[in-house]
Amino acid sequence: MTGSETAPTTVDTSRPHPARVYDWWLGGKDNYPVDEELARRILAVDGTAVRGAKANRRFMHRAVRTLAEQGVRQFLDIGTGIPTEPNLHQVAQGVASGARVVYADNDPIVLRHAQALLTGTAEGSTDYVHADVRDPDTILRLAAESLDLEQPVALSLVALTHYLDDDAYDLLAGYVDALAPGSFLVLSQVSPELDPPAIERVSDFFRTSGTPFFPRTAAEFGRFFAGLDLLEPGVCPVLDWRPEAEDEAAAKEGAVPVIAGVARKR
Ligand SMILES: C[S@@+](CC[C@H](N)C(=O)[O-])C[C@H]1O[C@@H](n2cnc3c(N)ncnc32)[C@H](O)[C@@H]1O
């Protein structure tokens, strides 16, 4: 484990945290009554929340598998969340046992459960950095202890950018600049377009609970990929990104307000 020596390990149960709310939607047990309360309030105004969380998680699996099958052997996943099997390293190392993975998150509860993420193959490596995505110097410095940043890396921020204001455009451009040609950027986030009034209420619930929230349209989201080559099918609803049988079945129950994209650095 890296970068955790001075990290806060106190879990604040007085207000909901995004990682734990998401864990409740995924059916996990690492959440508290405050998290369940917000998760249920959101579900009451946006009935897609549980399906959206699960669809988002499956997108991460498909994107990582796709990139591992294309030969990517290094993964930097920021905003990892509470471990939920299969985790990213299990997907990547399922394709290539030598894949190296670094996880990063800023929530003490993710740090507390990080041991469950550090169970990779002997041939590969799995590491965890406790840090804020807005501190790229720390994340990249610590990631470089186990990743070779001169070689391509798949950088993923899955369901994270909706917690970041528009400074995130420059922030992500800086991360991509630091990566080698042939690297990839994997993103998903909440979009208001499917049901604007519902997502406005979701945003209000997050904001009043202390979590800034920034849904983005597909056009706004697409700006994160400026200068990169989007993989087919481009920016699209998360269920439409190279769907498999489970996604096609889920889509029959209706769309979810999460959009996604994967792009390659030239
Ligand atoms: C909705 S969860 C997504 C988890 C996982 N990426 C997935 O899609 O299944 C968002 C995660 O981002 C983390 N997060 C939010 N803001 C962050 C920040 N500023 N820096 C690092 N992680 C952050 C939260 O702690 C949480 O674990």
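This text goes with the structure placed above it.
### Quick notes on the overall build of the protein chain
So, step 1. Summing up its helical and strand segments, the protein chain has 10 helices and eight strands in all.
So, step 2. Radius of gyration (C-alpha) of the protein chain: 17 Å, near the 18 Å computed for a compact globule of 266 residues.
So, step 3. Overall, the C-alpha framework of the protein chain stretches about 45 × 40 × 35 Å when taken along its three principal axes.
So, step 4. Buried positions account for 47% of the 266 residues belonging to the protein chain.
So, step 5. Of all intrachain contacts in the protein chain linking residues separated by at least 6 positions in sequence, the fraction that spans at least 24 positions is 78%.

### A few points about the nonpolar core
So, step 1. The biggest cluster of nonpolar side chains holds 78 residues, and the ones touching the most others in it are V64, F75, V129, F184, V186 and V238.
So, step 2. In terms of residues, this core owes the most to one element, helix α3 (residues 49–69), which gives nine residues.

### Topic: the packing of α3 against helix α4 (residues 88–95)
So, step 1. For the pair α3 and α4, interaxial distance at closest approach is 9 Å and the crossing angle is 30 degrees. Judged by the angle between their axes, α3 and α4 are roughly parallel. Both α3 and α4 take part in a crossing whose hand is right-handed. Here α3 contributes M60, H61, V64, R65, A68 and E69 to the contact with α4, which in turn contributes L88, V91, A92 and V95.
So, step 2. Residues that form the contact of α3 with α4 fall into these classes: seven nonpolar, one polar and two charged.

### Quick look at the site of the ligand
So, step 1. Contacts to the ligand come from 21 residues, most closely from A19, G79, G81, D107 and V158.
So, step 2. Mapped by element, the contributors of at least two residues to the shell around the ligand are α1 (18–25) and α3.
So, step 3. A per-class count over the shell around the ligand returns 11 nonpolar, five polar and five charged.

### Overview of the environment of I199
So, step 1. Position of I199 among the secondary structure elements: in helix α8 (residues 196–208).
So, step 2. Under the C-beta neighbour-count criterion, I199 is labelled buried, with 20 such atoms within 10 Å.
So, step 3. With 42 residues separating them in the primary sequence, I199 and W241 have C-alpha atoms 21 Å apart.
So, step 4. Apart from residues no more than four positions distant in its own chain, I199 is found in contact with D46, V190, P192, P215 and P257.

### A short note on α3
So, step 1. Counted at 1.5 Å a residue, the expected span for α3 with its 21 residues is 30 Å, and the 30 Å between its end C-alpha atoms agrees.
So, step 2. Inspection of α3 places A49, G52, A53, A55, N56, R57, F59, M60, A63, V64, L67 and A68 among the buried residues, and these make up the whole buried set.
So, step 3. Immediately downstream of α3, the backbone of G71 shows phi near 105 degrees, a positive value.

Calculation rules
- Residues numbered from 1 in each chain as written.
- Predicted model: local features only at pLDDT ≥ 70, side-chain atom pairs only at ≥ 80, totals over all residues.
- Helix = DSSP H or I, 4+ residues; strand = E, 2+ residues; numbered from the N terminus.
- Rg over C-alpha atoms; globule rule 2.2 N^0.38 Å.
- Buried ≥ 20, exposed ≤ 12 C-beta atoms within 10 Å, placed from the backbone.
- Contact = placed C-beta atoms within 7 Å.
- Core = buried A, V, L, I, M, F, W, Y, C linked by C-beta atoms within 7 Å.
- Axes fitted to C-alpha atoms, helices over the stretch in contact; angles between N-to-C directions.
- Parallel < 35°, antiparallel > 145°, perpendicular 65-115°, else oblique.
- Left-handed = near helix turned anticlockwise from the far one by under 90°.
- Nonpolar A, V, L, I, M, F, W, Y, C, P; charged D, E, K, R; others polar.
- Near = placed C-beta within 6 Å.
- Expected span 1.5 Å × (residues − 1).

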